[in-house]
Amino acid sequence: MKPFLHLLLFFLITGLFAPLMTYAQNSYEIEGNVRDSKGPLAGASVSLPELKIDAITDGAGHFKLTLPPAGRYHFAVRHMGFKTQERTVSASELKNNALVFTLQEDEKLLSEVQVVGKTETQQARLQPIKAEIINTKAVQEQPSTLVELMNRSAGIRIRQTGGLGSNAGLMMNGFQDRAIKNFKDGIPLDYLGAGYNISLVPVNMLERVEVYKGVLPTGLGADALGGAVNMVTKKSLYRYAEASYEVASFNTHRVSLNALYSDTTRHFFVGADAFLNRSDNNYKVDVIVTDQETAARTPATVRLFHNQFTNYYTEAYGGLTNLRWADELRAGVTWFRINRQNQYGSSMSQPFGASVSRQYSVIPTLRYRKKFGRLGIDQFLTASNIHTEQVDTARGTYNWYGKFIPSPSREGEITMRGSLSDIKFSYFTSRTHFGYQIGEKHLAELNVVSTNIGRTGRDPRGLTLPETGQDILSLPARYYKIVGAAGVQSVFLNEKLTNNLIAKFFHYNTSTINVDIYGTALGEHRYTSENSFGIAEAIKFALTSNTFFRVSAEAATRLPEQDEMFGDGNFHRSNFLLKPEKSTNINLGFRTEKRGSYALEVNSFYRITRDLILKMPIDFLFTQNQNVENVKGLGFETDLTVSLTHWLRANGNFTYQDFRLFDTANRLKEKARLRNTPYFFANLGLNSTFNHVGNGGKIHLYYFFTFVREYYLDYVPKSLEPDGFLGLWGKAKFEAPNIIPNQALHSAGFTYNPAGGRFSVGFQAKNFLNARVYDNFRIQNAGRSLHLKLTYTLK
């Protein structure tokens with residue numbers, strides 16, 4: 001479907017909804033703002049409890065409400081990390097003055113990284129769809145990465161294949177990698193390539209991170225099986241600027257800049273977000289060194305010597321807000337570039353010393369949002385070309401000590417023929433969302449996401465078709481996907497019972513000449529097309545205002561992503577034979593809390609999946625996504641937060657998941673654990689805040705402990721697993737290297753805010769006991785590292 005057809009469809013649907021855009025004449029509209037001592041607050045809840053009317057402040061801290069005639073109105077304003085403010089206002093005051101609410105920080109709530117409620121209303125813990133929100137505001141001054149913050153949450157593990165900038169794979173409640181979708185401000189992240197992801201984005205550039213487990217809200221509407229991560233960017237008004245600089249071990253430097261300007265009428269804004277990540281990643285690792293003369297293999301500890309990573313990202317944007325025809329019209333352009341030295345492939349079996357890869361793009365975006373009475377419209381469009389290059393021209397190889405070994409017969413160090421590949425991925429993405437409020441108790445939504453991707457390229461040293469000698473990268477490949485979701489959210493029994501019913505439609509098609517990794521044509525052309533439907537139901541029943549049960553179930557489909565089918569142009573190979581992944585999922589949860597004292601949440605989940613798409617090493621150099629026919633299992637997670645004193649809070653969680661193969665027709669694999677997948681991990685955290693330090697300053701101290709039980713790189717017969725309860729203790733009945741060993745990491749740090757609150761200093765010692773850390777595919781990560789971060793905010 002061509003881009004202009006998407007636009008035509010959007011305007012046609014808008015026309016169909018036009019009759020719904022009239023509004024009641026007896027009511028009138030008011031406006032106001034919510035702020036704190038530093039500036040406007042986005043995502044604050046402004047409600048009139050007696051009238052059951054509420055609104056959420058936008059990125060400018062601005063809100064609008066339509067009120068029925070009355071003499072006086074009682075407002076309640078809430079925001080996570082701030083004390084609730086209540087105020088009664090007369091009708092005459094409303095007509096003559098704009099409302100302004102100034103909230104005071106709740107120090108007890110801001111003293112830790114918190115898992116909190118719902119998208120924008122901070123009440124997702126009270127919703128049927130399981131959502132956690134990582135409050136990045138509480139940690140934006142710490143030298144912590146988003147990967148580390150998410151790894152401290154129950155049910156979540158992010159696995160990396162090395163240091164800063166390495167590939168990061170998300171695992172959540174039994175699903176992993178692309179089964180969990182990533183979003184930026186509600187838009188699927190694919191269009192940004194590798195330039196913007198959970199391993200690169202500085203924490204202080206985000207307002208919050210929303211983590212959905214299991215069923216997704218209709219508004220996201222992607223073909224995810226295990227959930228989603230939505231990174232919500234920081235927004236503010238009226239004029240705002242922030243800069244941070246972090247320096248750390250291994251010559252690591254991280255810089256971020258955020259700025260926004262709006263005119264006094266609040267109808268026009270411009271802004272920019274930028275960050276830089278750079279690291280030598282030259283930490284020590286344990287490897288096996290092969291003697292070139294005797295072929296003897298001996299263990300050694302060496303320092304990585306060709307592992308540098310640099311990432312530049314800049315987004316400039318501007319637009320119009322609070323107009324009669326648009327709540328927001330936002331145009332932006334993003335530029336990013338990644339330079340990466342390739343030290344190793346899919347394992348640490350062979351070092352490289354000269355190969356490099358690059359990725360870069362310029363990406364325009366356009367977004368329009370407007371609420372016409374009960375009907376809300378949100379349209380996003382982008383079109384871009386992302387270039388990926390790989391250079392492998394060394395005529396020889398390197399050993400782990402960085403010594404070059406010439407080999408005139410070689411054209412490259414990774415492969416014999418080398419590479420000078422340049423691949424262009426062309427993207428067009430459209431996301432259309434409609435929401436319509438049906439009375440006070442029902443919300444209907446429609447969400448459509450379509451993605452059109454093409455791939456072309458060249459590599460004068462690459463693989464060619466045996467019959468014609470044609471460069472296989474020059475053969476065009478196309479991928480088209482559309483996912484539609486329609487849902488209704490309803491409340492019953494005086495809001496004790498909340499129900500979400502969602503139906504989905506999935507379609508994708510691909511067209512390419514199928515070629516294996518050796519350049520052998522497997523067919524003249526390969527066309528793949530499939531349609532599928534899904535359904536999901538999520539229910540929450542509240543026993544009290546702070547205690548409830550939650551259950552959800554879905555029959556879901558996950559379509560193969562373009563990079564899983566096309567490869568990434570570097571170390572990830574294509575697989576055009578991938579089939580969609582289909583799963584039946586059930587989730588059951590319980591939560592109770594006493595505000596300011598404790599919060600306890602327990603969740604369980606069951607999955608049965610056909611054709612699970614799993615990323616696997618296919619040799620010591622490359623990885624490839626392949627289907628695993630039958631996988632099923634269950635798991636549970638528990639999260640507890642306790643206020644030990646008025647200045648000390650503790651949080652702990654653990655996750656156990658048991659996912660195994662079945663109906664394999666292979667005695668050794670039957671009931672084996674899913675390979676390369678942790679099955680038990682736990683976290684413990686302590687946080688303390690002391691106010692009025694020095695001349696009115698504030699210091700925050702914290703400690704975190706993470707444990708991951710040993711797991712297995714490949715499939716292991718069940719009879720060889722540890723004999724301990726659930727495999728949680730004891731030793732496996734075989735030797736490494738197939739075992740990814742137990743890991744226990746300790747980290748601690750502090751942040752200091754002098755009086756005034758604009759400047760902060762953060763220090764953290766990560767893995768301060770210098771434990772050996774192994775992650776995805778048993779690749780070793782960095783040991784102990786020290787980090788210092790400086791942040792300055794101007795509002």
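The residue count restarts for each chain, going from 1 along the sequence in the order it is written. Local features in this predicted model are restricted to residues whose pLDDT is 70 or higher, and side-chain atom pairs enter the listing and the counts only when it is 80 or higher, whereas totals over whole chains, interfaces and linings include all residues. Side-chain measures here rest on the full set of heavy atoms in the structure, leaving out hydrogens and waters.

Undergrad: Which residues make up the nonpolar core, and what are the values?
TA: Residues enter a nonpolar core if they are buried and are Ala, Val, Leu, Ile, Met, Phe, Trp, Tyr or Cys, with the set joined through side-chain atoms within 4.5 Å. When a residue's accessible area, from a 1.4 Å probe over protein chains only, is under 20% of the maximum for its type it is buried; when over 50% it is exposed; and in between it is partly exposed. Within the largest apolar cluster, 56 residues are counted, with the highest numbers of intra-cluster contacts made by Leu146, Met150, Tyr196, Val229 and Met231. Strands are runs of DSSP state E lasting at least two residues, helices are runs of H or I lasting at least four, and both sets are numbered from the N terminus onward. Looking at this core element by element, the count peaks at 4 residues for helix α4 (residues 146–151). Excluding residues that lie within four positions of it along the chain, Tyr196 makes contacts with Lys184, Leu189, Val201, Leu206, Met231, Thr233, Phe275 and Tyr313. Of all hydrophobic cores here, the second largest spans 21 residues; its members include Leu65, Tyr73, Ala91 and Leu103. Note on contacts: a residue pair is in contact if any heavy atoms of the two residues lie within 4.5 Å.

Undergrad: So what about a positive patch on the surface? Which residues, and what values?
TA: Like-charged residues are merged into a patch within 9 Å and nonpolar side chains (Val, Leu, Ile, Met, Phe, Trp, Tyr) within 5 Å, provided each residue has over 30% relative accessible area and no salt bridge. Using the Shrake-Rupley algorithm and a 1.4 Å probe, accessible areas are obtained, with residue cover drawn only from the displayed protein chains. Any Lys or Arg side-chain nitrogen found within 4 Å of a carboxyl oxygen on Asp or Glu counts as a salt bridge. As used throughout, the charge tally considers Lys and Arg to be positive and Asp and Glu to be negative, leaving His and the chain termini uncounted. Here the site of a charge means NZ on Lys, CZ on Arg, CG on Asp, or CD on Glu. Residues Arg610, Lys632, Lys671 and Lys718 make up a contiguous surface patch of positive charge. Secondary-structure assignment places Lys718 in the loop between β41 (711–712) and β42 (739–740). Accessibility expressed as a relative area gives 44% for Lys718, which makes it partly exposed.

Undergrad: Describe the sheet that holds strand β4 (residues 62–67), listing the residues and the values that go with them.
TA: Pairing between strands requires that DSSP locate at least two bridges from one strand to the other. Spatially, β4-β1-β7 is the arrangement adopted by the 3 strands of the open sheet, whose pairing is mixed. Each end of this open sheet is capped by a strand with a single partner; those strands are β4 and β7 (99–102). Between one strand and the next, the sheet's axes are offset by a mean angle of 30 degrees, whatever the strand orientation. Inspection of the sheet shows strand β1 (residues 28–35) paired to β4 by 6 bridges, in the antiparallel sense. The residue of β4 that forms the bridge with Ile30 is Leu65. The convention used is that axes are lines fitted to C-alpha atoms, helices contributing only their stretch in contact, and that angles between N-to-C directions extend from 0 to 180 degrees.

Undergrad: Which residues make up the side chain of Thr388, and what values do they have?
TA: Assignment of secondary structure puts Thr388 in strand β25 (residues 375–392). Owing to a relative accessible area of 2%, Thr388 belongs among the buried residues under this scheme. Side-chain polar atoms of Thr388 contact the side chain of Gln359, separated by 3.2 Å. The term polar contact refers here to a pair of N or O atoms within 3.5 Å; inside protein, the definition further demands a hydrogen-donor-capable atom paired with an acceptor-capable atom, and it admits residues adjacent in sequence only when both atoms are side-chain atoms.

Undergrad: Break down unusual backbone geometry for me, with residues and values.
TA: Glycine aside, residues mostly have negative phi angles, and peptide bonds mostly take the trans form. Phi is positive for Asp185, close to 55 degrees, though the residue is something other than glycine. Checked against the element boundaries, Asp185 lands in the loop between β13 (180–184) and β14 (187–188). At Ala665, a residue that is not glycine, the phi angle is positive and equals roughly 60 degrees. The topology assignment puts Ala665 in the loop between β38 (648–661) and β39 (680–693).

Undergrad: Outline the pairing of strand β15 (residues 206–213), supporting the account with residue identities and numerical values.
TA: Counting buried positions over the 8 residues of β15 gives 8, a clear majority of the element. With 7 bridges joining them, β15 and strand β16 (residues 227–233) adopt antiparallel strand pairing. Across the sheet, Tyr212 pairs through a bridge with Ala228, a residue of β16.

Undergrad: Go over the environment of Glu132, please, and point to the residues and values.
TA: Structurally, the position occupied by Glu132 is in strand β9 (residues 131–134). Expressed as a C-alpha distance, the spacing of Glu132 and Gln470, which sit 338 residues apart in the sequence, is 50 Å.

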